[in-house]
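Notes for the structure review
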Amino acid sequence: MASSSSRSLLNMALIGLLGFVVGSGCVYFYKDRIVAALPKAGPPPAPQDRNAVEALGRLRPSGGVIAIQATPGDRVEEVLVKQGEGVTKDQDLVRLASHKDRKMEEGLARLQHAEAVAQKTAIEAAGKAKVALIDAEIAQLKGGRQPDLDGLDAKIGVIEAQKAQAKQQVDRLEDLRKNKLDVAPQDLEQARLLERQAAGELDGAKALRAKTVSTYKYSKEVLQAKRTAAEAETAAALGRVPVSSLEQAVKLAARRAELSLVKAPVKGTVLDVHAHAGDTVGPRPLLQIGGGKGLIAVAEVYETDVRLLAEWMKQGPLKVQVTAPALSTTLEGTVTRPEQMARLVARNALLSLGPRADVDRRVIEVKVDLQADSASEANHLVGLQVNVKFLRPGKQ
């Protein structure tokens, strides 16, 4: 029994070895034919013999694909747009849950600012009124000074005249007495008393005038000092009102409110919506917008073919054909400006499905403007990998 099992296992092993040998022989026999059937990866044909340059590309909005994000940690309250919807610059896209709170903060900041402005206005008005009152007192003082001095000067003049008259009477009586005429002593004494009285009144009037001048000068200085103090007091009170800081607080609150309401940075079309009401905002974009108008194809041209395209462009705009299995027609495009060809050589991002295609090559991006009528079919295929063929001028 054991001998029969051993023979069965040996037979199976021999059959497996025979199958492996036969298969290897077939592969070896047909190797050359298989290799000959695959496309060769030899050098490209000479420029003068080439009528087209082919490359892989991808469809993209003319303004690029823009990822719309928000401050992480917040929560989505409502998405205000739908996929495929056109949007304008600064249009509201997503409202975050913090928007209500941020608007309340903004309203409070504006109220505080308004109250500070009103307080500042009241302080300015009170300060101006106080200064105006002091100015009125100064004007009144200035207006009363000269009349008072004129009145004192007139009084002094009268007293001087009285003194002169009294002196003349004394001199007359003394002359009569010297001439041996009969002069009553009491008359002479009365005349001298009137002269001394007039002299005293004159000195008092002059002293009063000097005091009046001094008083007016001192009073003016006091009022000027009060005016300066009132202005300084008003300025100090205004300085304690935080209008400038509250203005900045309003701007900051408004900015926070803006951040809680996500807006479109450019005009474009909503390509995809990732966020839903209730989602927590994280590093992932809320939605994506295709900027600009229309589509372009971004081709990855071999670095060795760029010089050829540049030579062709000297003869005029390049016509381009864009195809893909997902497209029912060929899209038409052009390259008209040198700036549509990048100046940076980079590693390819697109891979061909061919088994012999290079997976690591150096390419330069070339942007192809697609005709709107032919590209309308592909508006919903942003990001589609396509085959791009640049046609040699005169060979279309």
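This is a predicted model, so every value here is computed, not measured. Every chain's residues receive numbers from 1 upward, in the order its sequence appears when written. Per-residue local features are limited, in this predicted model, to residues with pLDDT of at least 70; the limit for side-chain atom pairs, both in listing and counting, is 80 or more; totals at the level of whole chains, interfaces and linings are taken over all residues. Each side-chain value is derived from all of the structure's non-hydrogen atoms; neither hydrogens nor water enter the calculation.

**With respect to the overall build of the chain**
A tally of regular secondary structure across the chain gives six helices and 14 strands. A total of 396 residues make up the chain; the buried ones form 29% of that total. Only heavy atoms matter for contacts: two residues are in contact if any of them lie within 4.5 Å across the pair. Put simply, of all contacts in the chain between residues at least 6 apart along the chain, 79% involve residues at least 24 apart. Only carbon and sulfur atoms are counted for the fraction: they give 56% of the accessible area of the chain, which is about 25,400 Å². Strands here are runs of E lasting at least two residues and helices are runs of H or I lasting at least four, both read from the DSSP assignment and numbered beginning at the N terminus. Any residue under 20% of the maximum accessible area for its type is buried, any over 50% is exposed, and the rest in between are partly exposed; the area is computed with a 1.4 Å probe on protein chains only. The Shrake-Rupley method, run with a 1.4 Å probe sphere, supplies the accessible areas, and residue values consider only the shown protein chains as cover.

**Quick look at the sheet that holds strand β4 (residues 86-87)**
DSSP calls a pair of strands paired once it identifies at least 2 bridges connecting them. Spatially, the four strands line up as an open sheet ordered β2-β8-β7-β4, and their pairing is antiparallel. Edge positions in the open sheet fall to β2 (65-68) and β4, since each of these has one partner strand only. Inspection of the sheet shows strand β7 (residues 268-273) paired to strand β8 (residues 287-291) by five bridges, in the antiparallel sense. By the bridge assignment for β8, Gly268 is matched with Gly291.

**Things to note about the nonpolar core**
The set of buried Ala, Val, Leu, Ile, Met, Phe, Trp, Tyr and Cys residues whose side-chain atoms join them within 4.5 Å is what this entry labels a nonpolar core. One finds Leu59, Val301, Leu309, Val322, Leu370 and Phe390 to be the most contacted residues of the largest nonpolar core, which totals 30 residues. Mapped onto this core, the elements with two or more residues apiece are β1 (52-61), β9 (295-302), α5 (306-313), β10 (318-323), β11 (331-335), β13 (362-370) and β14 (385-391). A total of five residues in this core trace back to one element, the largest contributor, which is α5. Apart from the residues within four sequence positions on either side, Leu309 is in contact with Val53, Val301, Leu318, Met341, Val366 and Phe390. Val87, Ala275, Val281 and Ile289 belong to the second largest nonpolar core, which has 16 residues in total.

**Structural notes on the pairing of β13**
Inspection of the sheet shows β9 paired to β13 by seven bridges, in the antiparallel sense. Opposite Val298, over in β13, you have Lys367 as the bridge partner. Relative to β13, β11 is paired through two bridges, and the arrangement is antiparallel. Counterpart to Thr334 in the pairing with β13 is Asp369. Bridge count for strand β12 (residues 346-347) against β13 is two bridges, and the pairing is antiparallel.

**With respect to the packing of helix α2 (residues 99-178) against helix α3 (residues 185-239)**
Every angle, taken between N-to-C directions, lies between 0 and 180 degrees, and every axis is a line fitted to C-alpha atoms, over only the stretch in contact when it is a helix. At a minimum axis distance of 8 Å, the contact between α2 and α3 shows a crossing angle of 170°. In terms of orientation, α2 lies roughly antiparallel with respect to α3. Residue polarity is assigned by list, with Asp, Glu, Lys and Arg as charged and Ala, Val, Leu, Ile, Met, Phe, Trp, Tyr, Cys and Pro as nonpolar; anything else, Gly included, falls into the polar class. Looking at side-chain class alone, the contact of α2 with α3 contains 26 nonpolar, eight polar and 24 charged residues. Every angle not falling under 35 degrees, over 145, or within 65 to 115 is termed oblique; those three ranges are roughly parallel, roughly antiparallel and roughly perpendicular.

**Here's the deal with the sheet that holds strand β5 (residues 92-96)**
Spatially, three strands are ordered β3-β5-β6 in an open sheet, and the strand pairing comes out antiparallel. Edge positions in the open sheet fall to β3 (76-79) and β6 (261-263), since each of these has one partner strand only. Averaged over neighbouring strand pairs, the angle between their axes works out to 25° when direction is ignored. Examined bridge by bridge, β3 and β5 share three bridges and lie antiparallel to one another. Residue pairing for β5: Val76 is matched across the bridge by Leu96.

**Some remarks on the pattern of salt bridges**
Salt bridge, as used here: a side-chain nitrogen of Lys or Arg that lies within 4 Å of a carboxyl oxygen of Asp or Glu. In the structure shown here, the tally under the stated rule is 21 salt bridges. A salt bridge links Glu160 to Lys206; its shortest N-O distance comes to 4.0 Å. Here Glu160 is found in helix α2, whereas its partner Lys206 is found in helix α3, with 46 residues between them in sequence. We classify Glu160 as partly exposed; its relative accessible area is 37%. Residue Lys206 is classed as partly exposed on the basis of its relative accessible area of 42%. Arg337 serves as the salt-bridge partner of Asp369, at 3.4 Å between the closest nitrogen and oxygen. Residue Asp369 is found in strand β13, and its partner Arg337 is found in the loop between β11 and β12; the two are separated by 32 residues along the sequence. The network of salt bridges with common partners includes Glu77, Glu78 and Arg95.

**Here's the deal with unusual backbone geometry**
Look at Asp90: it is not a glycine, yet its phi comes out positive at around 70°. One can find Asp90 in the loop between β4 and β5. The partly exposed category is assigned to Asp90, whose relative accessible area is 46%.

**Concerning the packing of α2 against helix α4 (residues 243-259)**
Look at α2 against α4: their axes get within 8 Å of each other, and the N-to-C directions meet at 160°. Compared by their axis directions, α2 and α4 come out roughly antiparallel. As for the relative orientation of α2 and α4, their crossing is left-handed in sense. Mapping the contact onto sequence places His99, Arg102, Lys103, Glu105, Glu106, Ala109, Arg110, Gln112, His113, Ala116, Val117 and Lys120 in α2 and Val243, Leu246, Glu247, Ala249, Val250, Ala253, Ala254, Arg256 and Ala257 in α4. Of the residues belonging to the contact of α2 with α4, the class tally is 10 nonpolar, three polar and eight charged. Handedness of a crossing is defined here by the sense of rotation of the near helix relative to the far one, left-handed for an anticlockwise turn of less than a right angle and right-handed for a clockwise turn.

**Quick notes on the side chain of Gln340**
Examined against the element boundaries, Gln340 turns out to sit in the loop between β11 and β12. Here Gln340 falls in the buried class, since its relative accessible area comes to 3%. A polar contact of 2.9 Å, which involves the side chain of Gln340, links it to the backbone nitrogen of Arg337. What qualifies as a polar contact is a pair of N or O atoms within 3.5 Å, subject to a donor-acceptor requirement within protein and to the restriction that residues adjacent in sequence count only when both atoms come from side chains. There is a polar contact of 3.4 Å between the side chain of Gln340 and the side chain of Asp369.

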